[in-house]
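Here's the letter readout for the chains.
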Amino acid sequence: MAGHFDLQGRHGKSRVRVSRVWRRPADAGGHLFVEWSVAVSVVSDCLPSYTSDDNSAIVATDSIKNTVYVKAKECTEVVSMEEFAVILGRHFTSLYPQVSEAAVTIVERPWERVAVDGKPHSHGFKLGSEKHTTEVTVKKSGSLLINSGIQGYSLLKTTQSGFEGFMRDRYTLLPETRERIVATEVTAWWRYPFEHISQLPSKPFCFTQRYQDVKKVLADTFFGPSDVGVYSPSVQNTLYLMAREVLTRFPDIASVQLRMPNLHFLPVNLGGKENPGLVKFADDVYMPTDEPHGTIEATLSRANSKL
Ligand SMILES: O=c1[nH]c(=O)c2[nH]c(=O)[nH]c2[nH]1
């Protein structure tokens, strides 16, 4: 008994690192390979373990870790991170009476197939940069929440960006400009509309493909056409257009959240008494900085969200 207090706990295992290979013949596309860092956290009725020495209801976090490897072993067919998270969530909530909810978070290490002499290699991979992430919550009832995202997606363009017309007062020093570098490291989260196990799409829908598609839409909108680009009047506006394009293009995404730090490239002007105009900025030499940086973020959802 927790006496007069209200006690809510959850436990699990974080940073469970697992890799899996699916060995397809070279003429069927070659090996598939993933490296995942998995975190599982269960909501479980084991209050006596907090308030007394009674651990009888605890699913040990060591067992939770082992289960990740058992389930990876059992996935003899290729699965996406999202599907694997759902498999784990269903496992914990259905096997254990005391577990009412399981949250599974996975971050993928971005191993990408290499090409040798222009041909995709059957079993060779190199590490990329941006990371696919997912956060899945499964309840015993079968109700479900699937968020997926991207982390560390670094994008930069050397022109077609400016910032003008912002409010000015006695604290304002920043000059207006129609010519600057804009650089960011996008973090995105989006929510899929599947709210119960029974609504999960069958095979033709692929979460992994959707991740690739969203990534491309984000970048294409950020950059604009390859020859002329598209002018960005602010990170805010570019962020909004990126989010809007994701919702427009993908009806199966219910909302999208974007975080886009403004990683400044400051004009370099150097000079002193001895050496006036040693370096005079002419849109050519910059000082890259990430501290401090602007932080711009927004969430875009469908207004007529049919819940
Ligand atoms: O795109 C921008 N948005 C801002 O809110 C801001 N603030 C700032 O100093 N520079 C910029 N750039």
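Quick caveat: nothing in here was measured; it's all calculated off a predicted structure. (Residues numbered from 1 in each chain as written. Predicted model: local features only at pLDDT ≥ 70, side-chain atom pairs only at ≥ 80, totals over all residues. Heavy atoms only, no water.)

## Focus: the packing of helix H2 (residues 61-74) against helix H3 (residues 81-95)
Inference 1: Relative to each other, H2 and H3 sit at 125°, their axes nearing to 11 Å. Looking at the two axes, H2 sits oblique to H3. H3 is crossed by H2, and the crossing has right-handed handedness. Facing Ile-64, Thr-67, Val-68, Lys-71 and Ala-72 of H2, the residues of H3 in contact are Phe-84, Ile-87, Leu-88, His-91 and Phe-92.
Inference 2: Per-class residue counts for the contact of H2 with H3 are 7 nonpolar, 2 polar and 1 charged. (Axes fitted to C-alpha atoms, helices over the stretch in contact; angles between N-to-C directions. Helix = DSSP H or I, 4+ residues; strand = E, 2+ residues; numbered from the N terminus. Parallel < 35°, antiparallel > 145°, perpendicular 65-115°, else oblique. Left-handed = near helix turned anticlockwise from the far one by under 90°. Contact = heavy atoms within 4.5 Å. Nonpolar A, V, L, I, M, F, W, Y, C, P; charged D, E, K, R; others polar.)

## Side note on the sheet that holds strand S12 (residues 294-301)
Inference 1: Reading across from one edge, S1-S2-S3-S6-S7-S8-S9-S12 is the order of the 8 strands in this open sheet, with antiparallel pairing throughout. Strand pairing shows two members of the sheet lacking a second neighbour, strand S1 (11-22) and S12, which therefore form its edges. Across this sheet, the average inter-strand angle for adjacent strands is 15°, counted without regard to direction.
Inference 2: As defined by bridge partners, strand S3 (residues 99-109) adjoins strand S6 (residues 131-139) across 7 bridges and the pair is classed as antiparallel. Residue pairing across strands places Ala-103 opposite Thr-137, the latter belonging to S6.
Inference 3: Across the sheet, H2 lies against S1 and strand S2 (32-44), angled at about 20° from S1, the strand it touches most.
Inference 4: Its contacts with the sheet place helix H5 (residues 235-249) against strand S8 (182-191), strand S9 (255-262) and S12, and it is angled at close to 155° to S9. (Pairing = 2+ DSSP bridges.)

## Structural notes on the side chain of Thr-187
Inference 1: Take Thr-187: it is sitting in strand S8.
Inference 2: On the accessibility criterion, Thr-187 (15% relative accessible area) is buried.
Inference 3: Contact partners of Thr-187, with chain neighbours within four places excluded, come to Ile-150, Gln-151, Gln-257, Leu-258 and Arg-259. (Buried < 20%, exposed > 50% of the residue type's maximum accessible area, 1.4 Å probe, protein only.)

## What to know about the packing of aromatic side chains
Inference 1: Taken as a whole, this structure holds 11 aromatic pairs when the rule is applied.
Inference 2: Judged by centre distance (6.3 Å) and plane angle (70°), the ring pair of Phe-33 and Trp-111 falls under edge-to-face. With Phe-33 in strand S2 and Trp-111 in strand S4 (residues 111-116), the pair connects residues that are 78 residues apart, well separated along the chain.
Inference 3: Measuring from ring centre to ring centre gives 4.6 Å for Phe-163 and Phe-166, while their planes differ by 10°; the resulting arrangement is stacked.
Inference 4: Ring-pair connections join several aromatic residues into one group, and the members of that group are Phe-33, Trp-111 and Phe-125.
Inference 5: Between the NZ or CZ atom of Arg-170 and the centre of the ring of Tyr-171, over which it lies, the distance is 5.3 Å.
Inference 6: A cation over a ring is seen here: Arg-178 above Tyr-231, with NZ or CZ 4.4 Å from the ring centre. (Phe/Tyr/Trp six-rings, centres within 6.5 Å; stacked < 30°, edge-to-face > 60°. Lys NZ or Arg CZ within 6 Å of the ring centre and 35° of its normal.)

## Regarding the site of the ligand
Inference 1: Around the ligand, the neighbouring residues are Phe-163, Leu-174, Arg-180, Ser-234, Val-235, Gln-236 and Asn-262.
Inference 2: Within the side chain of Gln-236, one N or O atom sits 2.8 Å away from a nitrogen atom of the ligand.
Inference 3: Between the ligand and Asn-262 there is a distance of 3.3 Å, counted from a nitrogen atom to a side-chain nitrogen or oxygen.
Inference 4: Here the ligand, which alone exposes 290 Å², has 72% of that area covered by the protein.
Inference 5: Among the residues making up the shell around the ligand, the classes are represented as 3 nonpolar, 3 polar and 1 charged. (Near = heavy atom within 4 Å. Polar contact = N/O pair within 3.5 Å; in protein donor to acceptor, adjacent residues only side chain to side chain. Areas by Shrake-Rupley, 256 points an atom, 1.4 Å probe, with all protein chains shown as cover.)

## Quick word on the pattern of salt bridges
Inference 1: Summed over all chains, the structure comprises 14 salt bridges.
Inference 2: Across the salt bridge formed by Glu-101 and Arg-10, the nearest N and O atoms sit 3.8 Å from each other. With Glu-101 in strand S3 and Arg-10 in the segment before S1, this residue pair connects regions lying 91 residues apart in the sequence.
Inference 3: Arg-210 is the salt-bridge partner of Asp-252, the closest N and O atoms lying 2.7 Å from each other. Taken together, the residues Asp-252 in the loop between H5 and S9 and Arg-210 in helix H4 (residues 207-223) connect sequence positions 42 residues apart. For the pair formed by Asp-252 and Arg-210, the shared burial category is buried. (Salt bridge = Lys/Arg side-chain N within 4 Å of Asp/Glu carboxyl O.)

## Remarks on the domain arrangement of the chain
Inference 1: For the chain, the assigned domains read domain 1 (1-142) and domain 2 (153-197 + 207-307).
Inference 2: Using only C-alpha atoms to locate each centre, domain 1 and domain 2 end up separated by 32 Å.
Inference 3: Between domain 1 and domain 2, the contact holds 14 residues from the first and 9 residues from the second.
Inference 4: Carbon and sulfur atoms supply 64% of the area buried between domain 1 and domain 2, which totals about 1000 Å² over both sides.
Inference 5: By the criterion of area lost to domain 2, the three top residues of domain 1 are Glu-130, His-132 and Gly-142, representing 47% of everything that side buries.
Inference 6: Along the contact surface separating domain 1 from domain 2 lie 1 salt bridge.
Inference 7: Two residues, Lys-215 and Glu-130, come together in a salt bridge whose shortest N-O distance is 2.7 Å.
Inference 8: At the boundary of domain 1 and domain 2, one finds 3 residue pairs in polar contact (both at pLDDT 80 or more). (Domains from an automatic or database assignment. Buried area = accessible area lost by both parts, 1.4 Å probe.)

## Focus on the UniProt feature "active site" (unreviewed entry) in the chain
Inference 1: UniProt annotation of "active site" (unreviewed entry) refers to Lys-13, Thr-61 and His-264 when read in the numbering used here. A maximum C-alpha distance of 42.9 Å is found for the annotated residues, which run over 252 residues; spatially they are spread out rather than grouped.
Inference 2: Along the chain, Lys-13 turns up in strand S1.
Inference 3: The exposure class assigned to Lys-13 is partly exposed, which follows from its relative accessible area of 25%.
Inference 4: Setting aside anything within four residues of it in sequence, one finds Lys-13 in contact with Val-38, Ala-39, Val-40, Thr-61, Asp-62, Ile-64 and Lys-65. (UniProt positions renumbered as here; feature names shortened; annotations may be inferred.)

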